[in-house]
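# Summary of the model geometry
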Amino acid sequence: MKKRHEEWYKLTGETKPKAANTALPPIRVLDLPGFQGIEDKLCIYTPTRGALSPEMDAMIDDLSTATFGITANDTLFALPEIYSRLPEWSDERIEIEDRYYDHEDQYETAEAADDEAVAILLLRGFDFRDARGQPLRCTLHFSRQAEAVAKGIMGKMPDRAAAGLESWTKKLEQEAKLHLQRKRTG
């Protein structure tokens, strides 16, 4: 048995295995500042034709910049100005298109449905689920940024302490309200 372990240890590059429970729990997005407000507004103001109002777009971009340091537009591939003037068969245009596809292939959530994106982001360290386990309405608007940050492509990770303090503050506020209600009725 000891010999088998030594062989296995050499085959794994002589790295010791890490315990499965050492990973940090995923960041619950609703605990981050501002996300509950956006989620509430998306529930109330459902777009009729799939497009959000300019005010909602601006609010989403502001929250994305404050949380991740980037917006959804920052994660998109920027085509060079010369691209539209190149003939379709030119090597330059084909190379630009290859770079575009390579860029888009980095994002698993690009064409994923909400529930698929939630599963992908959960593995990357972000929990985009509500209390019932359903995908948040804002998942579509923040999935590319969260994935880019989690993979280290661009942006910054949100502060875990801020998320923890925000949820702790909400919990204390709820307990205080409940205590005051009991005190008034009892």
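Residues numbered from 1 in each chain as written. Predicted model: local features only at pLDDT ≥ 70, side-chain atom pairs only at ≥ 80, totals over all residues. Heavy atoms only, no water.

## Structural notes on the packing of aromatic side chains
Defined as follows: Aromatic pairing here means that ring centres of Phe, Tyr or Trp (its six-membered ring) are within 6.5 Å. Orientation follows from the plane angle: under 30 degrees is stacked, over 60 is edge-to-face, and everything else is tilted. Only runs of H or I of at least four residues qualify as helices and only runs of E of at least two qualify as strands under DSSP, and these elements are numbered from the N terminus. Ring-over charges, as used throughout, are those where CZ of Arg or NZ of Lys falls within 6 Å of the ring centre and within 35 degrees of the ring normal.
Applying the stated criterion to the full structure yields 5 aromatic pairs. Consider the rings of Phe-68 and Phe-126, whose centres lie 5.8 Å apart with planes at 75 degrees: the pair is edge-to-face. Taken together, the residues span a long stretch of sequence, with Phe-68 in helix H3 (residues 54-68) and Phe-126 in strand S2 (residues 126-127) at a distance of 58 residues. Aromatic ring contacts, followed pair by pair, group Phe-35, Phe-68, Phe-126 and Phe-142 into a single cluster. The positively charged end of Arg-93 is found above the aromatic ring belonging to Tyr-83, 4.3 Å away from the centroid.

## A closer look at the pattern of salt bridges
Quick note on the threshold: A pair is scored as a salt bridge if a Lys or Arg side-chain nitrogen falls within 4 Å of a carboxyl oxygen belonging to Asp or Glu.
The full count for this structure, using the stated rule, is 9 salt bridges. A salt bridge links Lys-151 to Glu-108, with the nearest nitrogen and oxygen atoms 3.3 Å apart. Taken together, the residues span a long stretch of sequence, with Lys-151 in helix H6 (residues 139-151) and Glu-108 in the loop between helix H4 (91-105) and helix H5 (114-124) at a distance of 43 residues. Between Glu-147 and Lys-151 there is a salt bridge whose closest N-O contact spans 2.9 Å. Of this pair, Glu-147 and Lys-151 are both found in helix H6, 4 residues apart, which corresponds to roughly one turn of the helix. Ionic contacts of the salt-bridge type, sharing partners, join the residues Glu-108, Arg-124, Glu-147 and Lys-151 into one network.

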